[in-house]
Structures are given as C-alpha cells and as structure tokens.
Amino acid sequence: MSTATETRGSAAAEGKKKAPAGERVADWADGRLGIYSLAKANMRKIFPDHWSFMLGEVALYSFIIIILTGVYLTLFFHPSMNEVEYHGPYTPMQGVQMSEAFKSTLDISFDVRGGLLVRQIHHWAALIFLAAMFVHMMRVFFTGAFRKPREINWVFGFLLFVLGMFTGFTGYSLPDDLLSGTGVRFMEGAVLSVPIVGTYLSMFLFGGEFPGDDFVARFYSIHILVLPGIMLGLLVAHLILVFYHKHTQFAGPGRKNSNVVGMPLLPVYMAKAGGFFFLVFGVIAAIAALFTINPIWVLGPYRPDQVSTNAQPDWYMGFSEGLVRVMPGWEVDFLGHTLVLGVAIPLMILFPLVLVAIAVYPFIEAWVTGDKREHHIADRPRNAPTRTAFGAAWISWYFVCLVGGGNDLWATHFHLSINAITWFVRIAFFVLPVLVFWVTRRICLGLQRKDREKVLHGRETGTIKRLPHGEFVEIHEPLSQEQLHTLTAHDQYEPVEIGPLKDENGVERKVSRGQKLRAKLSKGYYGESGQIPKPTREEYHELESGHH
Amino acid sequence: MKKLSARRRHPLAALVVLLFALAATGGLYTAFAPAGEAKAEQESSKSLAIEEGKKLFATGCSSCHGTGGQGTSDGPSLVGVGAAAVDFQVGTGRMPAQQPGAQVPKKPKVYSQDEINQLAAYVASLGSGPAKPTKDMYDPAGADVARGGELFRTNCAQCHNFTGEGGALTHGKYAPDLGDVDPKHIYEAMQTGPQNMPSFTDGALPEKDKRDIVAYVKTVNSDNSESPGGFKLGGFGPVAEGMFAWIFGLGALIAVAVWVAARTAKAKKS
C-alpha cells in the first residue's frame, strides 16, 4: 500500500524513532510472507456493483454457515447404527427402539444447548445454499458471463452445484429417520436398477443387504469429509478465477471490455461483503428460529417396514423424484436379467441428462458463434434471444420435474387427481420446454424492437400537444447519450456462411456435416428471425434531422 | 393528484393498476360469495330435527341407500355396517353426501347427535355390525403415545402422513387431515374403514392399539400439540420446506442484496 510505504519512509527519515507496534508486526510478517506485494496487487481490486452479482455471495456465505454449524453438530452426532432404546425428554418416543444416529439427533434437538437451533440453521442454510447456487448459475447463464475466459469457472460452479446436491443428500440421510431412510431406500433402488452390476454395487455400498448397519457411518465420512473437502477446493479455485478474470459488468458509459468500473475491494467491498455475510446469517438464523425443518422427532426412526406419504427429498433432489414418479413402470427381461427401465431410465439417463444439458450449453454456443474473443461485458438477456430462450426452457423442464416430484401435494392442495398431474408432467416434460423456448424468444425479440424504437424515437412521454393547425402529436423525449450507449453497446453476430458448395472450377468443396449443422444453428441464432438489428448511427442521425 | 398523474406513464404503473384491480375483484368476491348455503343447511336440519330413526332415514338417506337400506346404484347397502359407521359418516358431516365424486368430503354435520343416534339405531337394526365405541375405548388420556406412534407409522402414515396431515390417493381420492378429528371418530374410522380406507378390525388392531393410535394423533396433530422447532409449515415435509426456502429464504436474501447494492459508496465524479 502506498500509504504504508510512505510512513515507512518518513519513519526512516526521522531517524531512531521506533515505529508503532502494529507496523513492526506487519514488517516482521512481510519479511517472511511477502504479503505487502500480494496485498498491493489485490486490495484495490475493483468490483462492479449490481445486486445480481451478490447471488454468488449468498451461496458462499450460506456455505460458510453450513460449515460452522456442521462442525458444532459433529461434536454431538454419533454416526452409528447400533440399536438403542430412547429414554430422553421427548415423551412420544419413550421406549422406542432406534439407531444411535437417530437417538443422538433427538439428543441434539432436545438435550444439547442450542442444538435444535443449530440443526435448523444447518438444514435451512443447506436449502438456501443450493437455491442460491441455482439462481447464481442462472444469472451467469442469462448474462452470458460463461463466455471466454470463464468457461472453466462455469464448469467449476456447475460441479459445486452437483456436489452440493449429493452432500445435501448424504446429510439428509444421516439422522436415520423414517423420511431419510425412505430416501436411502430410493437411492438403493436407483443403484439396483443399474444393469448387470446393480445388485453387486448395492451390496458393496451398504455392506450387505439394505439397510445393513454400515451406511450411516459411510455417508457420514462422505458428508463431512469427502464431498465438502472437494467442494472447498473447488470453491477456492472458483474464487481465484473470479479474481483472475475480474468480474463482468453490464454495459454502460465508461464501461469497456478492457476495464472494470466499480468500487475497490478494500475498504468498500470488505465492508459491504462483511456486512452482507451477517445479513445472510441473520436471515437464515431468523428463519431457523421461527420455522421448523425436518422435525425428526415426529418422523420416527427408520424401519424398512414403515413408510409415510409426503416422503420426498429436499428440493434439489426433487426433480429426480419427479422423474421416477411419472415414469411408467417398465420392466423387461434381458438374457435372464431383469432390467428395471422404470427406474433406470429416469435415474441413470434422464437425471444426468437434465443436469448436463445446462452445463454443456456454453460450449455449444461457443461452437456456433466461433467467437474466440474475451467477453467481460455481461449481456442483457434480451440481446441473446436464443440463449435466453434455451435457459428459460431448461428452467421450465426442471420445474415440470419438480411438479412431478411433489405431485401428491399438488393433488391435495389444488383438489386435482394425482393421475392427471402425472399425465400432465409426462406430456409437459416434452412439450413445455419447446413452448417456453418459442415464447421466450418472441418476448426477447419484442424487447429488442422496443429498445430499437426507443433509441430511434425517444421515450413516449404521454404528453399530447396540439399543433397550430389542429394536429395532435405525442411528444417523444430523446434519450440521453448514456442511455443511447447502454442500449446499443452490445455486439451482434452475423450468421456463419458455408460459402458456395462448388469452387470457381466447378469442383465440389467438402463440407462436413458438422459445419452444415453449425451454419444452420448460426442462422437460427443470428439470422433474420433470431435478432433485431440494432439501430445504426446513420439511422439515428437520419431520423434526428427529420424530427427537428 | 398531480404527483399521481405525473407517474401514470411510469413503467410500473400498469403493474400497480393490475394489482389494485386484482385486489378489488378478490375482495368483492370474498365479500359476496359464500354466505347463503350454510344457512339453508341449518334450516333444513331444523325442519328434520323432530323426525326419528326410520323417518329420518327415509327422508335423508333412502334416495341413495334405498328405502330399506339395501343400497342402490348410487349408494352401497347399509345392512351390517353397524352403528359405528353411521356415527362416523353422519357425525363428521360426510353423509348425507352433497354430490357424487371421487370422495365424499367432510363438512359441517347436518344432524344433531340425538338424530344421529336414532339413525344409527335404525341402521344397526338392519344387520349386526360394529357398535359405537364407549369413551374409555378411545380416551387418549393414559394411553401409550410412543407405541401409538409406532403403530401409526406402520399402519396409517403411508396415506395420512407422519403426523396425520393427510395425503393424496389415486384419481382425486385422498386421506384426510386428522388434525381436528374427534377421538371417537378416529376410532370409528379405524373400526369401520369408511370410503377408501381399509377397516382395522379388532382382530387386526386390538382395542388398546386403536386407543394408543388415537392418543398419538392427538399428541402430535392437534391445536395444542407442541412444535419444539417453531412453526411447522403444515407438516408436509421437504416439499413445503423447499418452497419456503425458495420463496421466503432466498426471496428475503435477494431483497437484502438489492437493498445492499442500492446503498453504495458514491465514487467521486471527476
């Protein structure tokens, strides 16, 4: 820091006068760690300001909250499936046989000081963590912030989301209550449906027949060590890359692809982010203090002979539940092996497909555009209609699966037949994304037209003026230079042309099928039907001279 | 007024107008809609109050169940269903049914307890069936709640949910919420198996077991049952929790983010 070096210089000039204690400590540390240069390079790092850039922060902070509360819970949780009898303070469980895992969760809830609150913070924060990652990912998607150079960071983020899902699932399974046990049974079904090796895998995972007495301990080390460890590593890499790439910003006056306009990390963002962390913690703690989540004391301990309705996973696994619920129960015999297609198709094929569809999109778009430039200006969703339409279609796809996963609650709360909902989901799974894609693209194009109109003709003020000769006109207020820049700053691609199929000598050129497909997609993306040409300088001036 | 008219072209003006319009229509609907019917039912119950047993049956039940309770294409035979079934069906207002459908819903009862007893006596005389339980058979006080919980999870939870909040069955049928059901009616339902519910005879589920189950339901799902973790969001499990986390959890955090982003340190304009 410049101020620090100045004081050092002046202190030296004044001679023997001893430097303040804090400075000496800092000097001592710098001599061994070299933090001055590191801090100098990074403390003034600039970040742009927009509320949607804080969604990732919500995810980061809820992850920290989960780790903090999780550490507290490990102090009291016993990951053991030994049978014990409950004799604690909760009377409706008196004398019930249960695993030690379930009993210790009851003890955390009723005996450990602050245990129930911490458990609820941990669980609510987990739901919010995944939801925050989801919307953060959608923000990055819809603003095109995944484009070069950020593709790898997009993949890291996606992996964090998927790992978060499985960390959540293993955590949900730990208390060994009736709900989570049903969830583990569901997972066992998925493992069993793997052709040929399913039974072997299941035996391996559970150490014998389900449920066995191993899975809680195994899930425990996966939940508290393996998955969070990988996630922590990925998270650090994710943040380092954000630093390295610098943050994207929306178009605006003075904002270029080569700069970042915003506030420095220190002091502004340190203060804001620090404050925001406590706000996130506060909101989650307030929710946890007021609303119960996973009340295992009324769910009871897991027994394979019991099951309850409303047995669903936490929301982030809900779409897999939906896929299974609406899938017809197909079963075929293949060379003496039973293939349970009713489970294998939704969980082994569709489940990864839904996730991968969104993860690979950036690479498909990069291939279509063939754009190798770096992009640091975030797109407005309307200016990339096909991408925006794809994203919206994917969300509708995901949501339809969620509706299928909660079909019983849709049925009871809207007085519908559960069979009708199942059929709706089966059809909507194929139809709705297409419909949403088409509608969203039309909306984007409409918004682009509106922007064009605004740039060329100004804002409609609603003020009607009567001219001396009797004609009525509405006054249009021209946009400011800043507004004009913001509305026209985006790039528009030209569709890729393959060129003539025969050269000047009439010899046929070899055009691969991939190239043809690419040209076709490119035409759909950037052809006449894919975008509205933004107003040019000439059009603007021509109209302007006509108006006045 | 001037302020208002200046804003009428604001981009959000249409939204505000729409919200007002929706609120007004909704308000008007709730103000004028339901009132009438409930009164009419009470009137008709008054006019029927004097009649007894068979007469009551002939007037209120025979159009579907036949004049002798032998059943018709619109309603099953009541021979041998017993007094307990009548006490449950009429006592919870399910009978007389309002309209055919996937399932006959619970509604305010039409007959008084005296009339119900008269009807029950008449139906019981058609053929022997389970009699009405006495209070000591279903009284939750002193029953084994923990054992009731285990029995409930084994026999009832797959349709009624962990704490008896209810759940969906096929084709629009459902297992109802047991929240405000009278202990007597819970007992009778297990005994007689109304509508889509299987019946749990005393051989399958002895009297003591039924009483334990009643006690469990009353402990975990009644107005004064405890919820140590706070508001229970309906007790529907992860779907309700997930929806809450999205709408109120993430919703609140996004609102906070917008608020924080709007209050930023202003850079010096050069």
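A quick note: this is a predicted structure, and the numbers were derived from the prediction, not measured. (Residues numbered from 1 in each chain as written. Chains lettered and ligands numbered in written order. Predicted model: local features only at pLDDT ≥ 70, side-chain atom pairs only at ≥ 80, totals over all residues. Heavy atoms only, no water.)

**Side note on the overall build of chain B**
No. 1: From N to C terminus, chain B includes 13 helices and two strands.
No. 2: Relative to the compact-globule value of 18 Å for 270 residues, chain B shows a C-alpha radius of gyration of 26 Å, a clear excess of over 25%.
No. 3: Projecting the C-alpha coordinates of chain B onto the three principal axes gives extents of approximately 95 × 45 × 30 Å.
No. 4: Of all 270 residues assigned to chain B, the portion counted as buried reaches 40%.
No. 5: For chain B, the share of sequence-separated contacts (at least 6 apart) that also reach a separation of at least 24 residues comes to 62%.
No. 6: Taking the average place of the 28 positive charges on the side chains of chain B and the average place of its 25 negative ones, the gap between the two points comes to 19 Å. (Helix = DSSP H or I, 4+ residues; strand = E, 2+ residues; numbered from the N terminus. Rg over C-alpha atoms; globule rule 2.2 N^0.38 Å. Buried < 20%, exposed > 50% of the residue type's maximum accessible area, 1.4 Å probe, protein only. Contact = heavy atoms within 4.5 Å. Lys, Arg positive; Asp, Glu negative; His and termini not counted. Charge placed at Lys NZ, Arg CZ, Asp CG, Glu CD.)

**Side note on the UniProt feature "transmembrane region" (unreviewed entry) in chain A**
Residue and element names in this part refer to chain A.
No. 1: According to UniProt, the positions carrying the feature "transmembrane region" (unreviewed entry) are residues 58–77, 123–142, 154–174, 219–244, 265–293, 339–364 and 420–440.
No. 2: Across residues 123–142 one finds 100% helix and 0% strand; the C-alpha atoms that close the span lie 29 Å apart.
No. 3: Taken as a whole, residues 420–440 contains 100% helix and 0% strand, while its terminal C-alpha atoms sit 27 Å from one another. (UniProt positions renumbered as here; feature names shortened; annotations may be inferred.)

**Describing the pattern of salt bridges**
No. 1: Within this structure, the stated rule accounts for 26 salt bridges over all chains.
No. 2: Ionic pairing is found between Glu150 of chain B and Arg303 of chain A, a salt bridge with its closest N-O pair at 2.9 Å. In this pair, Glu150 of chain B is assigned in helix H9 (residues 145–155) and Arg303 of chain A in the loop between helix H12 (296–299) and helix H13 (318–326), connecting two distinct chains.
No. 3: Accessibility expressed as a relative area gives 22% for Glu150 of chain B, which makes it partly exposed.
No. 4: Relative accessible area serves as the criterion here: at 27%, Arg303 of chain A is assigned to the partly exposed category.
No. 5: Put simply, Asp451 of chain A and Arg382 of chain A hold a salt bridge, and the shortest N to O gap is 2.9 Å. (Salt bridge = Lys/Arg side-chain N within 4 Å of Asp/Glu carboxyl O.)

**Here's the deal with helix H11 (residues 183–192) of chain B**
Residues and elements named next belong to chain B.
No. 1: The element H11 is extensively covered by neighbouring structure, given that ten of its ten residues are classed as buried.
No. 2: By the burial criterion, the buried members of H11 are Pro183, Lys184, His185, Ile186, Tyr187, Glu188, Ala189, Met190, Gln191 and Thr192.
No. 3: On its buried face, H11 sits against helix H6 (82–91), helix H7 (113–124), helix H8 (135–138) and helix H12 (207–220).
No. 4: Following H11 by one or two positions, Gly193 has its phi on the positive side, about 60 degrees.

**Comments concerning the state of the cysteines**
Residues and elements named next belong to chain B.
No. 1: The tally for this structure, following the rule as stated, stands at zero disulfides over all chains.
No. 2: Unpaired in this structure, Cys61 has its nearest cysteine sulfur neighbour in Cys64, at a distance of 8.9 Å.
No. 3: With a relative accessible area of 14%, Cys61 lands in the buried category. (Disulfide = S-S within 2.5 Å.)

**Overview of the UniProt feature "domain: Cytochrome b/b6 N-terminal region profile" (unreviewed entry) in chain A**
No. 1: Per the UniProt record, "domain: Cytochrome b/b6 N-terminal region profile" (unreviewed entry) is found at residues 25–251 of chain A.
No. 2: Segment residues 25–251 of chain A splits into 68% helix and 4% strand. End C-alpha atoms: 44 Å apart.

**As for the pairing of strand E10 (residues 472–477) of chain A**
All names here are of chain A.
No. 1: Direction of pairing for strand E9 (residues 459–466) relative to E10: antiparallel, over a ladder of five bridges. Opposite Lys465, over in E10, you have Val473 as the bridge partner.
No. 2: Where E9 folds back onto E10 in an antiparallel hairpin, the turn is made up of five residues, including Gly470, whose phi is positive at roughly 105 degrees. (Pairing = 2+ DSSP bridges.)

**Examining the interface of chain B and chain A**
No. 1: Counting residues at the interface gives 56 residues for chain B and 70 residues for chain A.
No. 2: At the surface where chain B touches chain A, the tally comes to one salt bridge.
No. 3: Applying the counting criterion to the chain B and chain A interface returns 16 residue pairs in polar contact (both at pLDDT 80 or more).
No. 4: Of all the secondary-structure elements, those providing two or more residues to the side of chain B that touches chain A are H9, helix H10 (157–160), strand E1 (167–168), H12 and helix H13 (238–262) of chain B.
No. 5: Ranked by residue count, the leading element in the side of chain B that touches chain A is H13 of chain B, at 19 residues.
No. 6: Looking at the side of chain B that touches chain A residue by residue, the classes come out as 31 nonpolar, 17 polar and eight charged. (Polar contact = N/O pair within 3.5 Å; in protein donor to acceptor, adjacent residues only side chain to side chain. Nonpolar A, V, L, I, M, F, W, Y, C, P; charged D, E, K, R; others polar.)

**Remarks on the packing of aromatic side chains**
No. 1: The final tally for this structure, using the stated rule, is 48 aromatic pairs over all chains.
No. 2: Taking the centre distance of 5.4 Å and the plane angle of 85 degrees together, the rings of Tyr61 of chain A and Phe277 of chain A count as edge-to-face. Here Phe277 of chain A lies in helix H11 (residues 265–290) and Tyr61 of chain A lies in helix H4 (residues 55–74), a separation of 216 residues in the sequence.
No. 3: Residues Tyr493 of chain A and Tyr526 of chain A carry aromatic rings whose centres are separated by 4.9 Å and whose planes lie at 45 degrees to one another, so their mutual orientation is tilted. Taken as a pair, Tyr493 of chain A in the loop between helix H18 (481–488) and helix H19 (513–526) and Tyr526 of chain A in helix H19 lie far apart in primary sequence, 33 residues in all.
No. 4: By relative accessible area, which is 12% here, Tyr526 of chain A ends up buried.
No. 5: An aromatic cluster is defined as three or more aromatic residues linked by ring pairs; in this entry it consists of Phe134, Phe161, Phe166, Trp315, Tyr316, Phe319, Phe351, Trp394 and Tyr398 of chain A together with Trp246 of chain B.
No. 6: If you follow Arg426 of chain A out to its NZ or CZ, it ends over the ring of Trp423 of chain A, 4.6 Å from the centre.
No. 7: One residue, Lys210 of chain B, lies across the ring of Tyr187 of chain B, its end atom 5.6 Å from the ring centre. (Phe/Tyr/Trp six-rings, centres within 6.5 Å; stacked < 30°, edge-to-face > 60°. Lys NZ or Arg CZ within 6 Å of the ring centre and 35° of its normal.)

**Quick word on the packing of helix H16 (residues 407–414) of chain A against helix H17 (residues 418–457) of chain A**
Residue and element names in this part refer to chain A.
No. 1: Two numbers describe how H16 lies on H17: the axes approach to 9 Å, and their chain directions differ by 125 degrees. One finds that H16 runs oblique with respect to H17. Between H16 and H17 the crossing geometry is right-handed. Between H16 and H17, the residues in contact are Asn407, Asp408, Trp410 and Ala411 and Ile418, Ile421 and Thr422, respectively.
No. 2: Class assignment for the residues of the contact of H16 with H17 results in four nonpolar, two polar and one charged. (Axes fitted to C-alpha atoms, helices over the stretch in contact; angles between N-to-C directions. Parallel < 35°, antiparallel > 145°, perpendicular 65-115°, else oblique. Left-handed = near helix turned anticlockwise from the far one by under 90°.)

**Some thoughts on a nonpolar patch on the surface**
All names here are of chain A.
No. 1: A contiguous nonpolar surface patch, about 570 Å² in accessible area, is contributed by Val356, Val360, Phe363, Ile364, Trp367, Leu517 and Leu521.
No. 2: Sorting the residues of the nonpolar patch by element identifies helix H14 (341–369) and H19 as the ones contributing at least two each.
No. 3: At five residues, the largest contribution of residues to the nonpolar patch is made by H14.
No. 4: Mapped onto the fold, Ile364 is located in helix H14. (Patch = residues over 30% accessible without salt bridge, like charges linked within 9 Å, V, L, I, M, F, W, Y side chains within 5 Å. Areas by Shrake-Rupley, 256 points an atom, 1.4 Å probe, with all protein chains shown as cover.)

**A word on the UniProt feature "transmembrane region" (unreviewed entry) in chain B**
No. 1: Mapped onto the present numbering, the UniProt feature "transmembrane region" (unreviewed entry) falls at residues 243–262 of chain B.
No. 2: Annotation note: span residues 243–262 of chain B, helix share 100%, strand share 0%, distance between end C-alpha atoms 27 Å.

**Concerning unusual backbone geometry**
No. 1: The step from Leu266 of chain A to Pro267 of chain A runs through a cis peptide bond, and the omega angle for that step is 5 degrees.
No. 2: Tracing the sequence through the fold places Pro267 of chain A in helix H11.
No. 3: Backbone torsion omega between Met95 of chain B and Pro96 of chain B reads -5 degrees, so that peptide bond is classified as cis.
No. 4: Despite not being glycine, Leu335 of chain A shows a phi value in the positive range, around 50 degrees.

**Points about the packing of helix H6 (residues 115–142) of chain A against helix H7 (residues 151–173) of chain A**
Residues and elements named next belong to chain A.
No. 1: Where H6 meets H7, the closest approach of the two axes is 10 Å, and the angle between their N-to-C directions is 155 degrees. On the basis of their axis angle, the class for H6 and H7 is roughly antiparallel. At the point where H6 passes H7, the crossing takes the left-handed sense. Of H7, the residues touching H6 (which contributes Leu130, Met133, Phe134, Met137, Val140 and Phe141) are Trp154, Phe158, Leu160, Phe161, Gly164 and Met165.

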